[in-house]
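The lines below spell out each chain.
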Amino acid sequence: MKNKNTKPASSVNALWGGRFTQGPAEAMARINASIDFDRRLWAQDIAGSKAHAAMLAAAGIISAKDCQEIADGLDRVAEEIASGDFPFRAEFEDIHMNVEARLAELIGEAAGRLHTARSRNDQVATDFRLFVRDAIDELDAGLVTFQRVLVDKADEHAETVMPGFTHLQTAQPVTFGHHLMAYYEMAKRDRGRLDDCRRRLNECPLGAAALAGTSFPIDREATADALGFDAPAANSLDAVSDRDFALEFLAALAIAQTHLSRLAEELVVFSSAPFGFVRLSDAFTTGSSIMPQKRNPDGAELVRAKTGGIAGAFQALLVVMKGLPLAYSKDMQEDKVPVFRATDAFAASLAVMTGMIADLTVDAEAMAAAAGGGHATATDLADWLVRALGLPFRTAHEVTGRIVALADGKGCALADLTQEDMQAVEPRIAEGVFDVLSVASSVASRTSFGGTAPERVREAIALAREELG
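Bear in mind the structure is a predicted one, so any value in this text is a computation, not a measurement.

Visitor: How should I be thinking about the overall build of the protein chain in this particular structure?
Guide: Along the backbone of the protein chain there are 18 helices and six strands. Taken against the 2.2 N^0.38 rule, which gives 23 Å for 469 residues, the C-alpha radius of gyration of the protein chain at 31 Å runs more than 25% over that of a compact globule. Dimensions of the protein chain, computed from C-alpha atoms along their principal axes, come out at roughly 100 × 55 × 40 Å. When the 469 residues of the protein chain are sorted by exposure, 47% land in the buried category. Once local pairs closer than 6 in sequence are excluded, the contacts in the protein chain between residues at least 24 apart make up 72%.

Visitor: What's the story with unusual backbone geometry in this structure? I'm lost.
Guide: For residues besides glycine, phi is generally negative; the peptide bonds are generally trans as well. Cis geometry is found at the peptide bond from L326 to A327, where omega equals 5 degrees. The residue A327 is located in the loop between α11 (298-321) and α12 (336-359) in this model. Its identity as a non-glycine residue notwithstanding, E93 has a phi of 70 degrees, on the positive side. Note that E93 resides in the loop between α4 (64-83) and α5 (95-107). Residue E93 is classed as buried on the basis of its relative accessible area of 7%. Not every positive phi belongs to a glycine, and H375 is a case in point at roughly 55 degrees. With respect to the element layout, H375 can be found in the loop between α13 (364-371) and α14 (378-389). Here H375 falls in the buried class, since its relative accessible area comes to 17%.

Visitor: Can you help me understand the pairing of strand β2 (residues 169-175) in this one?
Guide: Every regular strand shows the same layout, with side chains that alternate between the two sheet faces. Here strand β1 (residues 161-166) pairs with β2 via six bridges, running antiparallel. Among the inter-strand pairings, F165 is bridged to a residue of β2, identified as T170. Two successive antiparallel strands, β1 and β2, enclose a turn made up of two residues, where H167 displays a positive phi of approximately 60 degrees.

Visitor: Please clarify how the side chain of D94 should be interpreted in this entry.
Guide: Relative to the assigned elements, D94 resides in the loop between α4 and α5. Setting aside residues up to four positions removed in sequence, D94 forms contacts with S34, I35, D38 and R120.

Visitor: How should the state of the cysteines be read in this particular structure?
Guide: Covalent bonding between the sulfur atoms of two cysteines defines a disulfide. Following the criterion strictly, the structure yields zero disulfides and no others. C204 provides the cysteine sulfur closest to C197, a residue in no disulfide bond, and the two sulfurs are 16 Å apart.

Visitor: Please clarify how the nonpolar core should be interpreted in this entry.
Guide: The tendency in soluble globular proteins is for nonpolar side chains to be buried side by side. The biggest cluster of nonpolar side chains holds 92 residues, and the ones touching the most others in it are V132, F146, F249, F346 and M353. Ranked by residue count, the leading element in this core is helix α10 (residues 244-270), at 16 residues. Apart from residues no more than four positions distant in its own chain, V132 is found in contact with L201, F245, F249 and V339. A407, L414, V436 and L437 belong to the second largest nonpolar core, which has 20 residues in total.

Visitor: Would you mind going over the environment of N121 with me for this structure?
Guide: Mapped onto the elements, N121 comes out in helix α6 (residues 120-156). Along the backbone, N121 and V240 are 119 residues apart, and their C-alpha atoms lie at a distance of 5.6 Å. Among residues more than four places away in sequence, those in contact with N121 are A209, A210, V240 and Y328.

Basis of the calculations
Residues numbered from 1 in each chain as written. Predicted model: local features only at pLDDT ≥ 70, side-chain atom pairs only at ≥ 80, totals over all residues. Heavy atoms only, no water. Helix = DSSP H or I, 4+ residues; strand = E, 2+ residues; numbered from the N terminus. Rg over C-alpha atoms; globule rule 2.2 N^0.38 Å. Buried < 20%, exposed > 50% of the residue type's maximum accessible area, 1.4 Å probe, protein only. Contact = heavy atoms within 4.5 Å. Pairing = 2+ DSSP bridges. Disulfide = S-S within 2.5 Å. Core = buried A, V, L, I, M, F, W, Y, C linked by side-chain atoms within 4.5 Å.

Shown next, in the form of structure tokens:
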């Protein structure tokens with residue numbers, strides 16, 4: 001009995017349907033088509049096709065006349081897509097077949113020679129690598145802008161004292177400039193990971209064909225060079241089945257987005273009324289439909305929320321790839337959506353975070369007041385006991401703990417205790433101890449490399465500006 005959902009033979013795809021007598025079921029056609037999302041690869045697809053055609057002509061596989069017609073036709077296709085006039089058609093399944101079908105309409109028989117010595121398998125692998133490479137370059141530029149904003153803001157606040165936290169409890173005083181430069185270092189590592197990914201992906205799959213290479217006398221080095229790759233991929237099976245580059249890209253984005261999310265969380269906390277350390281501009285906050293006084297840090301909250309989607313994109317593709325035998329399987333059509341979504345989400349998050357930091361207003365007085373709370377200079381007291389009295393650090397730690405408990409009992413700060421108060425715990429404590437108990441002295445004393453002393457922060461800023469060029 002004929003399946004009423006099956007399309008007649010006339011609907012079989014002309015670009016691959018020679019051995020089929022009926023078209024796919026409607027449900028199959030829907031799940032099989034990827035043009036709704038992979039049309040995003042059009043520029044890369046056309047670039048790859050032009051390089052392939054030029055190589056075929058140079059190798060004498062197609063004529064120079066056919067090559068010129070193909071190149072001119074592909075330019076017309078590109079113009080149509082760029083202008084929004086291109087007739088994307090679901091029956092042609094993907095961007096590769098849509099471009100080829102339109103090329104045939106424009107130039108006729110010569111278009112049929114373009115696919116000589118290649119397959120959609122090596123074609124899509126090439127397009128996808130080109131897309132990820134382009135995305136890395138664009139995102140790296142965004143990360144550089146983000147780093148510059150961090151450095152500029154850190155320079156403004158190299159001496160602005162704030163509490164440093166562990167467990168979100170007051171730990172030791174730091175400067176806000178030092179705090180921001182921590183995120184500069186994170187972004188620097190993010191750029192390094194993306195650069196590593198770019199270097200490893202920069203091998204050209206074209207010429208691997210379906211999986212085994214081709215019998216045509218192609219020049220794979222020529223196409224690799226024309227497309228800016230370092231070399232052709234060394235193994236034809238691996239060339240068409242590898243998606244490590246996409247996984248590595250998503251992993252790098254997930255880590256980078258996690259860094260943005262941590263900063264976003266701090267902006268949410270620091271801009272809240274109990275802290276009042278910073279104020280976000282109107283450009284990156286929203287109001288409430290019922291509470292007129294509200295300024296909601298929605299920009300930061302959305303950056304924080306998008307982290308789950310990017311981490312999920314990495315996990316989704318990892319699961320797609322985990323059980324696939326060599327070489328290509330249609331499962332791999334599902335590689336692009338998570339990459340596209342993660343790319344867009346990270347780019348949006350990076351732009352918002354860059355804008356928020358650039359517009360940020362800092363309440364230095366609120367930060368300084370908070371920096372003095374929680375006995376933040378207790379470690380300075382312990383260090384003084386080591387230096388001045390020669391106590392082993394563990395003994396100094398215990399003595400300091402008892403002095404902190406004494407201050408707690410009196411309801412005062414360490415600096416507000418009298419010398420006699422402290423001598424009740426350790427008789428040898430001298431008046432010089434008060435030189436280390438202020439927040440300013442604590443911060444200024446942290447002069448070790450990478451420390452929070454303003455002079456060190458300014459050195460880090462100068463180095464960062466040199467790195468950024």
